[in-house]
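# Descriptive structure summary
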Amino acid sequence: NSKVIQTPRYLVKGQGQKAKMRCIPEKGHPVVFWYQQNKNNEFKFLINFQNQEVLQQIDMTEKRFSAECPSNSPCSLEIQSSEAGDSALYLCASSPGPNTEVFFGKGTRLTVV
Amino acid sequence: TQTVSQSDAHVTVFEGDSVELRCNYSYGGSIYLSWYIQHHGHGLQFLLKYYSGNPVVQGVNGFEAEFSKSDSSFHLRKASVHWSDSAVYFCAVSATGGYKVVFGSGTRLLVSP
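In this report, we go over the structure that sits alongside the text. Just so we're clear, the structure is a prediction, and the values are computed from it rather than from any experiment.

## A closer look at the state of the cysteines
If you walk through the whole model with that rule in mind, you get three disulfides over all chains. The disulfide partner of Cys 69 of chain A is Cys 75 of chain A, and the gap between their sulfur atoms is 2.0 Å. The sign of the 110° torsion about the S-S bond sets the Cys 69 of chain A-Cys 75 of chain A disulfide as right-handed. Between Cys 23 of chain B and Cys 91 of chain B runs a disulfide, and the two sulfur atoms are separated by 1.9 Å. Residues Cys 23 of chain B and Cys 91 of chain B are joined by a disulfide whose S-S torsion is about -65°; by sign, that bridge is left-handed. Here Cys 23 of chain B, found in the loop between strand S3 (19-21) and strand S4 (24-26), pairs with Cys 91 of chain B, found in strand S10 (residues 87-95); they are 68 residues apart in sequence, far enough to count as distant. The burial state of Cys 23 of chain B is the same as that of Cys 91 of chain B; both residues are buried.

This is the structure we're talking about:
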């Protein structure tokens, strides 16, 4: 069973507001991923980290999101100015390294009204 | 760039039936393949993986999958499904040594009693 912890489980924000979600990866997992899953179950990769360093991120994340994985603190993903299209399930995952099982949290469901 | 295709959006079977969920991938290099299950409102849980060796791999809860390089496929099978197997199943690929995991669009399996 996964030990990735995401908070909050549900988040409701108005358009233009900041929306911040947190993730505690499994202990000993240096790689952390963030995905956005829409209502059609489609996954969009947002960003990944190895330890505190960003490995890859998409253009949207670079422009509109703020993400970090500080040492000894939860990882976080923050939308600077929420839009209706940001309503989705945000999944955090961690893994011990490349080509290994990825462990997912239960997600933060964001609704932008 | 690796891509994943799950051709069946929905599959409905009766309890006790066998089932095969299809997954085809596209990537020219060495690849790591996996299947995940997502129950409603939850994150993803790992089922099984293939990297090398025996092309038939066993996973949790009686699931297995078979890798075929010639068909670029990694279909998931179960000999006898239970109602609790009803969920969305995702096929995922990553390039060997890569950190980015690409997910298919998912197949919703409904097992009728």
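## A few points about the interface of chain A and chain B
Listed as interface residues are 25 residues of chain A and, on the opposing side, 23 residues of chain B. Here chain A is connected to chain B by zero salt bridges. In this assembly, chain A and chain B are joined by four residue pairs in polar contact (both at pLDDT 80 or more). Of the residues contributing to the side of chain A that touches chain B, the split by class is 11 nonpolar, 11 polar and three charged.

## What to know about the packing of aromatic side chains
Scanning all chains against the criterion turns up 15 aromatic pairs over all chains. A centroid spacing of 6.2 Å and a plane angle of 25° characterise the contact between Phe 33 of chain A and Tyr 35 of chain A, whose relative ring orientation is stacked. When sorted by exposure, Phe 33 of chain A lands in the same class as Tyr 35 of chain A, which is buried. Three or more aromatic residues link up through ring pairs in this structure, and these residues are Phe 33, Tyr 35, Phe 43, Phe 45 and Phe 104 of chain A together with Tyr 36, Phe 46, Phe 90 and Phe 103 of chain B.

Calculation criteria
Residues numbered from 1 in each chain as written. Chains lettered and ligands numbered in written order. Predicted model: local features only at pLDDT ≥ 70, side-chain atom pairs only at ≥ 80, totals over all residues. Heavy atoms only, no water. Disulfide = S-S within 2.5 Å. Helix = DSSP H or I, 4+ residues; strand = E, 2+ residues; numbered from the N terminus. Buried < 20%, exposed > 50% of the residue type's maximum accessible area, 1.4 Å probe, protein only. Contact = heavy atoms within 4.5 Å. Salt bridge = Lys/Arg side-chain N within 4 Å of Asp/Glu carboxyl O. Polar contact = N/O pair within 3.5 Å; in protein donor to acceptor, adjacent residues only side chain to side chain. Nonpolar A, V, L, I, M, F, W, Y, C, P; charged D, E, K, R; others polar. Phe/Tyr/Trp six-rings, centres within 6.5 Å; stacked < 30°, edge-to-face > 60°.

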